[in-house]
Every structure is written in C-alpha cells, then in structure tokens.
Amino acid sequence: MNCLEFRRHLASEPHSRRVDFVAHREQCGRCAEAHAQALAFEDRLGHVLAVPAPDGLADRVLLRQLARQNAQGAA
C-alpha cells in the first residue's frame, strides 16, 4: 500500500485493521500522524453526536406520522 491508497482507506475506514493498512501506518511516519489525527477527529465527532434523544420522541414521531396519514386519507 502506498501513501495515496492509505489516505483513501483512512478516509473511509479510520479504524481499519487491514494488514496492509496497519503495515503502512507502522512504516510511514506521515501516514501514522494522519491516522492519529483522523482518530482524534473521530473521537471528537463521536462526543458531539452523542446527544440523547428526548423521552418519548419515537412515540411523538409515530403519532404525528399517523395523524398526517389520517388527514391525507380524509382529504
């Protein structure tokens, strides 16, 4: 695997354990740094997206959807 292939794979699967991906990361300092930055970004992104859904959200969504369907059926 070369650096370009590594970066492409890193963009789609930063947690990959493919043998050639891991081997390249261990041999190439610049790609190892890019990998570390990508994992740090993934970690920050995970924290930002970890927003709990409000209680009863699923029920409210389903109720609204049912109400819309009923209103369209009556029209």
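Residue numbering note: each chain is counted from 1, following its sequence as written. For a predicted model such as this one, the threshold for reporting local features is a pLDDT of at least 70, and the threshold for listing and counting side-chain atom pairs is 80 or more; totals across whole chains, interfaces and linings nevertheless cover every residue. To get the side-chain values, take all heavy atoms of the structure and skip hydrogens and water.

Asker: Explain the packing of aromatic side chains to me, and be specific about the residues and the numbers.
Answerer: Note on aromatic contacts: the rings of Phe and Tyr and the six-membered ring of Trp form a pair at centre separations within 6.5 Å, being stacked when their planes are under 30 degrees apart, edge-to-face when over 60 apart, and tilted otherwise. A complete count under the given rule lists one aromatic pair for this structure. Residues Phe-6 and Phe-21 carry aromatic rings whose centres are separated by 4.4 Å and whose planes lie at 10 degrees to one another, so their mutual orientation is stacked. One end of the pair, Phe-6, is in helix H1 (residues 3-12); the other, Phe-21, is in helix H2 (residues 19-27), and 15 residues separate them in sequence. Comparing Phe-6 with Phe-21, the two get one shared label, buried. A run of H or I in DSSP counts as a helix once it spans at least four residues, and a run of E counts as a strand once it spans at least two, with each numbered from the N terminus. Burial classes follow relative accessibility: with a 1.4 Å probe on protein chains only, a residue under 20% of its type's maximum area counts as buried, one over 50% as exposed, and anything between as partly exposed.

Asker: Now, about the side chain of Ser-16: what can you tell me, with residues and values included?
Answerer: Tracing the chain through its elements places Ser-16 in the loop between H1 and H2. We classify Ser-16 as buried; its relative accessible area is 9%. Polar contacts, as used here, are pairs of N or O atoms within 3.5 Å; protein pairs need one atom able to donate a hydrogen and one able to accept it. Residues neighboring in sequence count only if both atoms are side-chain atoms. Polar side-chain contacts of Ser-16 include one of 2.8 Å to the side chain of His-9. Contacts between residues were defined by any pair of non-hydrogen atoms, one from each residue, lying within 4.5 Å. Look past the residues within four positions of Ser-16 in its chain and what remains in contact with it is His-9, Phe-21 and Val-22.

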